[in-house]
Amino acid sequence: MRYRSQARELALKALCFLDVTRDDKEEMFSLFCSNFKETSDPAVGPFFFELVQGVNRCKNEIDTWIINASKNWRLSRMPVVDRNILRLAGFELVRLPDIPASVSINEAVDLGKKFGSKHTGPFVNGVLDRIRITENIQ
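Residues numbered from 1 in each chain as written. Predicted model: local features only at pLDDT ≥ 70, side-chain atom pairs only at ≥ 80, totals over all residues. Heavy atoms only, no water.

Student: Could you give an account of the overall build of the protein, naming the residues involved and the relevant values?
Tutor: Summing up its helical and strand segments, the protein has 7 helices and 0 strands in all. Reading the protein from its N end, one meets helices and strands in the order α-α-α-α-α-α-α. Against the 2.2 N^0.38 benchmark of 14 Å for 138 residues, the protein shows a C-alpha radius of gyration of 14 Å, consistent with a compact globule. Viewed in the frame of its principal axes, the protein has a C-alpha envelope of about 40 × 30 × 30 Å. Contacts spanning at least 24 positions in sequence make up 68% of the contacts within the protein whose residues lie at least 6 apart. (Helix = DSSP H or I, 4+ residues; strand = E, 2+ residues; numbered from the N terminus. Rg over C-alpha atoms; globule rule 2.2 N^0.38 Å. Contact = heavy atoms within 4.5 Å.)

The structure is reproduced here in structure tokens:
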């Protein structure tokens, strides 16, 4: 598995863990990192941290993009995996312009196929494409 794909998968796991925990997020993130040795891998770790910290820093803005792009779906009603795949890829789409939009969307769909339901891939693809169009991303 390529290091960026590996970092995305690990970031998704961390974001889902942080999304469902009610405890101190910083403490829980440290706990997560201490249990996944890949976070200290020099190839995977930097991109992993950039993704998780970026999503957490911009979460309100990202959630607004998702809400506006996902008609008839409240964020709180989305499955945890779907919601966090959208957050992760939404951050990449808008805040990491060096990554082509098609790569971010394809990687998100692949994560959805691996960790979500049979509906996750098409749902994620549609919402992210609407974000891409709305935010005028090439």
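Student: Could you give an account of helix H2 (residues 25–35), naming the residues involved and the relevant values?
Tutor: Within H2, the full set of buried residues consists of Met28, Phe29, Phe32 and Cys33. An end-on view of H2 places all buried positions within 140 degrees of arc, on one side of the element. H2 presents Glu26, Glu27, Ser34 and Asn35 as exposed residues on the side facing more than 90 degrees away from its buried surface. (Buried < 20%, exposed > 50% of the residue type's maximum accessible area, 1.4 Å probe, protein only. Arc of directions from axis to C-beta.)

Student: Describe the pattern of salt bridges, naming the residues involved and giving the relevant values.
Tutor: Following the criterion strictly, the structure yields 10 salt bridges and no others. Across the pair Asp19 and Arg87 runs a salt bridge whose closest N-O atoms are separated by 3.5 Å. Residue Asp19 is found in helix H1 (residues 3–20), and its partner Arg87 is found in helix H5 (residues 80–95); the two are separated by 68 residues along the sequence. Assessed through its relative accessible area of 6%, Arg87 is described here as buried. Ionic pairing is found between Asp63 and Arg87, a salt bridge with its closest N-O pair at 2.7 Å. With Asp63 in helix H4 (residues 59–69) and Arg87 in helix H5, this residue pair connects regions lying 24 residues apart in the sequence. Among the charged side chains, a salt-bridge network with shared partners connects Arg2, Arg8, Glu92 and Glu107. (Salt bridge = Lys/Arg side-chain N within 4 Å of Asp/Glu carboxyl O.)

Student: Now, about the nonpolar core: what can you tell me, with residues and values included?
Tutor: In this structure, Phe48, Val52, Ile66, Leu86, Leu93, Leu128 and Ile131 are the most contacted members of the largest nonpolar core, which totals 45 residues. For this core, the secondary structure elements donating two or more residues are H1, H2, helix H3 (45–57), H4, H5, helix H6 (101–115) and helix H7 (120–134). In terms of residues, this core owes the most to one element, H1, which gives 8 residues. Those residues in contact with Val52 that lie beyond four places of it in its chain are Ala11, Ala14, Leu15, Leu18 and Phe29. (Core = buried A, V, L, I, M, F, W, Y, C linked by side-chain atoms within 4.5 Å.)

Student: Before we move on, can you summarise a negative patch on the surface with the specific residues and values?
Tutor: A surface patch of negative charge is lined by Asp23, Asp24, Glu26 and Glu27. Tracing the sequence through the fold places Asp24 in the loop between H1 and H2. The class for Asp24 is partly exposed, based on a relative accessible area of 45%. (Patch = residues over 30% accessible without salt bridge, like charges linked within 9 Å, V, L, I, M, F, W, Y side chains within 5 Å. Areas by Shrake-Rupley, 256 points an atom, 1.4 Å probe, with all protein chains shown as cover. Lys, Arg positive; Asp, Glu negative; His and termini not counted. Charge placed at Lys NZ, Arg CZ, Asp CG, Glu CD.)

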